[in-house]
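The lines below spell out each chain.
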Amino acid sequence: MFKRIMKGGQKKPSKTDPSDPSPLAPAAAGAAAAPALVVPPPSGTIEPLPLFRDVAVSERQNLFIRKLQICCHVLDFSDTLKSVREKEIKRQTLMELVDFIQSGSGKITETCQEEMIKMVSANVFRCLPPASHENTGQEATDPEEEEPCLEPAWPHLQLVYELLLRYVVSSDTDTKVAKRYIDHSFVLKLLDLFDSEDPREREYLKTILHRVYGKFMVHRPFIRKAINNIFFRFIYETERHSGIGELLEILGSIINGFALPMKEEHKLFLARALLPLHKPKPVGVYHQQLSYCIAQFVEKDYKLADTVIRGLLKYWPVTNCQKEVLFLGELEEVLEATQTAEFQRCMVPLFRQVARCLNSSHFQVRWKLLFIAFSRINTSFFSTFPFLWVFGL
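Residues numbered from 1 in each chain as written. Predicted model: local features only at pLDDT ≥ 70, side-chain atom pairs only at ≥ 80, totals over all residues. Heavy atoms only, no water.

Visitor: Please set out the pattern of salt bridges residue by residue, giving values where relevant.
Guide: Applying the stated criterion to the full structure yields 18 salt bridges. The closest approach of N and O atoms between Asp-76 and Lys-82, which form a salt bridge, is 3.7 Å. When its relative accessible area of 40% is taken as the criterion, Lys-82 is described as partly exposed. Between Glu-115 and Lys-118 there is a salt bridge, and its shortest N-O distance comes to 3.9 Å. One end of the pair is Glu-115 and the other is Lys-118, both in helix H5 (residues 110-124) and three residues apart, which spans about a single turn. In this structure Glu-115 comes out as buried when scored by relative accessible area, which is 2%. A residue is classified by how much of its surface remains accessible, and Lys-118, at 25% relative accessible area, is partly exposed. Three or more residues are tied together by salt bridges with common partners; here these are Glu-114, Glu-115 and Lys-118. (Salt bridge = Lys/Arg side-chain N within 4 Å of Asp/Glu carboxyl O. Buried < 20%, exposed > 50% of the residue type's maximum accessible area, 1.4 Å probe, protein only. Helix = DSSP H or I, 4+ residues; strand = E, 2+ residues; numbered from the N terminus.)

Visitor: Just give me the short version of the nonpolar core, but keep the residues and values in it.
Guide: Phe-231, Leu-248, Leu-251 and Leu-274 are the most contacted members of the largest nonpolar core, which has 108 residues in total. Tallying contributions element by element places helix H7 (residues 154-169) first for this core, with ten residues. Excluding its chain neighbours within four sequence positions, the residues that come into contact with Leu-251 are Ile-227, Phe-231, Phe-269, Leu-274 and Cys-293. (Core = buried A, V, L, I, M, F, W, Y, C linked by side-chain atoms within 4.5 Å. Contact = heavy atoms within 4.5 Å.)

Visitor: I'd love a proper account of the packing of helix H15 (residues 305-314) against helix H16 (residues 321-336), names of residues and values included.
Guide: When two helices pack together, their arrangement is given by the angle between the helix axes and the distance between those axes. With their axes 11 Å apart at the nearest point, H15 and H16 run at an angle of 170 degrees to one another. Comparing their axes, H16 and H15 come out roughly antiparallel. Every residue of H16 that contacts H15 at Val-308, Ile-309 and Leu-312 is listed here: Phe-327, Glu-330, Leu-331, Val-334 and Leu-335. Of the residues assigned to the contact of H15 with H16, the class counts are seven nonpolar, no polar and one charged. (Axes fitted to C-alpha atoms, helices over the stretch in contact; angles between N-to-C directions. Parallel < 35°, antiparallel > 145°, perpendicular 65-115°, else oblique. Nonpolar A, V, L, I, M, F, W, Y, C, P; charged D, E, K, R; others polar.)

Visitor: Quick one: what's the story with unusual backbone geometry, residue by residue and with numbers?
Guide: A cis amide bond, omega 0 degrees, links Leu-260 with the succeeding residue Pro-261. Position of Pro-261 among the secondary structure elements: in the loop between helix H12 (244-256) and helix H13 (264-274). Unlike most non-glycine residues, Ser-83 shows phi in positive territory, near 55 degrees. On the secondary structure map, Ser-83 appears in the loop between helix H3 (60-71) and helix H4 (84-103).

Visitor: Any details on the environment of Lys-67? Residues and values, ideally.
Guide: Summarising the element assignment, Lys-67 is placed in helix H3. Of the residues examined, Lys-67 reaches a relative accessible area of 1% and is grouped as buried. As a C-alpha pair, Lys-67 and Met-119 span 52 residues in sequence and 9.9 Å in three-dimensional space. Contact partners of Lys-67, with chain neighbours within four places excluded, come to Leu-49, Pro-50, Phe-52, Thr-93, Glu-96 and Leu-97.

Visitor: Which residues make up H4, and what values do they have?
Guide: Counted at 1.5 Å a residue, the expected span for H4 with its 20 residues is 28 Å, and the 29 Å between its end C-alpha atoms agrees. For H4, the full list of buried residues reads Glu-86, Lys-87, Ile-89, Lys-90, Thr-93, Leu-94, Glu-96, Leu-97, Val-98, Phe-100 and Ile-101. Those residues of H4 hidden inside the fold are in contact with H3, H5 and H7. Residue Gly-104 follows H4 closely and has a positive phi angle near 65 degrees. (Expected span 1.5 Å × (residues − 1).)

Right, here's the structure in full:
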């Protein structure tokens, strides 16, 4: 029995044993294919690999995979003195990968594309830190006054995002192959990252998602629906999200490309998602982008002016004078694209609100209203009807 126990204890591990700590061996041994599972190298084992120009062209795809596997290792940036050498090696490796994709030195294989998306996922998809008020237990402050929390790992994250962007925009990227890896799950995780407090990260995410929307037509309805869900959660549940402005910038470009006649789903999106975005308290943070999206709808289809104006009146602020000034500026833009027939449908409730603004105790509200009225006295709708409407008479 003792011999059987000893014999069982000396059993060799399986070749597919996931506990095998050697991630580079399969890539180095096989030139045809990469391992199905990328295992990050253990701490302290990151070593520099040869440059692409120093190896034969036939070996560059294998070297590309090995470099990706090194970059799968996520390093701790909370301590600036920790793993300094490994951080620099990874940074240099990421720069080489970006240059390799950008130069178009060779069309990367499907295996390389799969490994690259795995590396991107390992680095960027993470739990975002809680907001400052959630972390300290203090009362939530005005988002416009909060200092953004910058990501300490940005020296690596920036290069990972740059690599993903270069991959998406590359003319060598075949969408039929790429959509297997940039799938709905990947897009959803990208959208989750828009809540990052780091504006640099949100700017990259905005550019990448916009490019994905343009290149992968199959994902377009899904992306619009996912953004719609983020807006619903923000409006009716949390009223806190760092990336509403960036998402609206993407939508502004999307709305500009809507074909006419406009689909019913787009009109519903305007009524159920965009117009209610005027309700949350931090609307001032993203109002410029929101106003642009609303104006785009009216310019595309003038018949939507009545819906938009009534929506603005529905969410018109009662006690917040700064928001009232913003609403008046948006109303001015909408009226520029409004035709007389549409204006007549909503002029009674509109002028009732105008009268209330004229009686406002805040001088900026009165000044803004009079500026709109008198600057267009010869061309606007205010000259079409007696000016007594302004006074509610």
